[in-house]
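Residue-level structural notes
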Amino acid sequence: MKLVLLSGGSGKRLWPLSNDSRSKQFLKVLTSPDNGPESMVQRVWRQLAAAGLSKDAYIATGKAQLDVMQSQLGYEVPLIVEPERRDTYPAIALAATYLYSIIGVKLNEVVAILPVDPYVEEHFFDKIKQLESIVETSGVDLALIGVKPTYPSEKYGYIVPGTDRAIHRQTEYVTVSHFIEKPGEDKARELIERQALWNCGVFAFKLEYVINHLINHGLPIQYEEMLKQYSRLPKNSFDYAVVEKAFRIAALPYDGYWKDLGTWNTLTEEMASRQIGKGIITDDCANTHLINELDLPVTILGMSNTVVAVSPDGILVSQKEASPRIKDALKHMEQRPMYEERRWGWYKVLDYGKLPQGGEVLTKRIHIQAGKNLSYQMHLNRSEVWTIISGSGEFMLDDNLIPVKTGDVLHIPVGSKHSMRAGAMEDLEFIEVQQGTELVEEDIVRLATSWDEIVQLCS
């Protein structure tokens, strides 16, 4: 069985820590077994490895998340990269063609799909393993995992079981009658009485089921061709395009801990400490959390049931019950990400402004981890000045290699090729001041990525 983890999302519900490039699954606010900070995607990948499933797992993600994914999981994790953000149906279709035409997965092999960020106990992954035999032997098109509800939630979709129940290898599963999306509380209570299950977004099918679906809809089944035609695919969820139209569906009940940490009120319930970052929460604050990414102290006095989140992108102060409304509050706000995690480290935007004489100026703090490097690149619309504030390393400018150290100031004209590598034993930080006509991340021409490639190209 192959597993495909879907990693998407715009990050609006956990603003200001999350943004278009750093969605909720990358926030390091959980605690790992060794008491270090851990993100949701790191937690899930660790659990997959413990269950023996990571060797057959892939992550489907977008270009914007490529660097942060590799930064947190390393370069060995196989990624299926979408050329543009669409929805779960296109993402799963692309993954299916990749498994079929690139990896060579057989059509009768089972593929399981799951979100990249479920907060579950380890035995949840034993249920995922059981999906394989149910799909292979029961004759269903799809097999889902449904969570036994603990309260009448209005936030989740429900799987309504049919009348048939079966036991396969001591595993009980039910047939699915239909689905109901986010009912009101009274309806949810009625559904629970009918043994309905929460839909947690985990399902499995034989690869041929999706490949045949693509053929029937005139879509390519070769990965390279699917990439070319990706914009043709409808922006639909897989649930809407495929699951709700399937004739034979089984659901495997899971009676254990499961949670969607998609809002501040649910995420803070799983944080080991009520404070991350610099600040003070006074003793008369009950059930209040502070998450502060800035080097500025934040003091919270006498506020209960509150979350305060501070990042370069902004500041949120909210009653926990009201925090899910943040997505609606931000729907008309357009802002570039002020903090991004990359494969080589991270950067933080410190200041941005437009000059009276025309043009723009942008200031960043850039952190490169020891032994890592920026790509060899050039910009068409801006010049840059770099001031090394800590560490040492090597600077490549127009094919010339220059050693650099703390205090050095480097000038990069418009159109000049450049890169930086931190020394092997220490991180390197510098302040970058950009000046030009269009200061956007898209103004970049990458010539090489690894340092070996850069040195070879320059020689």
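From a predicted model like this one, the values you see are computed outputs, not experimental measurements.

**Description of the sheet that holds strand β16 (residues 289-292)**
Spatial strand order, β14-β16-β18-β19: 4 strands in an open sheet with mixed pairing. Only two strands of the sheet have a single neighbouring strand rather than two, namely β14 (275-276) and β19 (314-319). Examined bridge by bridge, β14 and β16 share 2 bridges and lie parallel to one another. Residue I276 lies in a different strand from β16, and its bridge partner there is I291.

**Brief notes about a nonpolar patch on the surface**
Taken together, the side chains of L380, V445, L447 and L457 present a nonpolar region at the surface, about 330 Å² in accessible area. For V445, the position within the fold is in strand β30 (residues 445-448).

**So, unusual backbone geometry**
Note that the residue after W15, namely P16, is joined by a cis bond; omega there is 10°. Tracing the backbone through its elements, the reader meets P16 in the loop between β1 (2-6) and β2 (30-31). For K182, which is not glycine, the phi torsion reads 45° and is therefore positive. Note that K182 resides in the loop between β10 (171-180) and α5 (185-193). Residue classification places K182 among the partly exposed positions, given a relative accessible area of 48%. The backbone of N305 shows a phi angle near 55°, a positive value even though the residue is not glycine. Mapped onto the elements, N305 comes out in the loop between β17 (298-300) and β18 (306-311).

**A short note on helix α6 (residues 207-216)**
One turn of an α-helix holds 3.6 residues; hence residues three or four places apart share an orientation. For α6, every residue scored as buried is listed here: L207, V210, I211, H213 and L214. One side of α6 holds all its buried residues, which, seen down the axis, span an arc of 155°. Here the buried face of α6 lies against α3 (88-103), β6 (110-115), β11 (197-206), α7 (223-228) and α8 (238-241). Phi turns positive one or two residues past the end of α6, at G218, with a value near 70°.

**Considering helix α2 (residues 66-73)**
Counted residue by residue, α2 has 7 buried out of 8 residues, so it is predominantly covered. Elements that come into contact with the buried residues of α2 comprise α1 (40-50), β4 (57-62), β5 (79-82) and β20 (339-342). Two residues or fewer past α2, G74 is found with a positive phi of approximately 95°.

Reading the values: the criteria
- Residues numbered from 1 in each chain as written.
- Predicted model: local features only at pLDDT ≥ 70, side-chain atom pairs only at ≥ 80, totals over all residues.
- Heavy atoms only, no water.
- Pairing = 2+ DSSP bridges.
- Helix = DSSP H or I, 4+ residues; strand = E, 2+ residues; numbered from the N terminus.
- Patch = residues over 30% accessible without salt bridge, like charges linked within 9 Å, V, L, I, M, F, W, Y side chains within 5 Å.
- Areas by Shrake-Rupley, 256 points an atom, 1.4 Å probe, with all protein chains shown as cover.
- Salt bridge = Lys/Arg side-chain N within 4 Å of Asp/Glu carboxyl O.
- Buried < 20%, exposed > 50% of the residue type's maximum accessible area, 1.4 Å probe, protein only.
- Arc of directions from axis to C-beta.
- Contact = heavy atoms within 4.5 Å.

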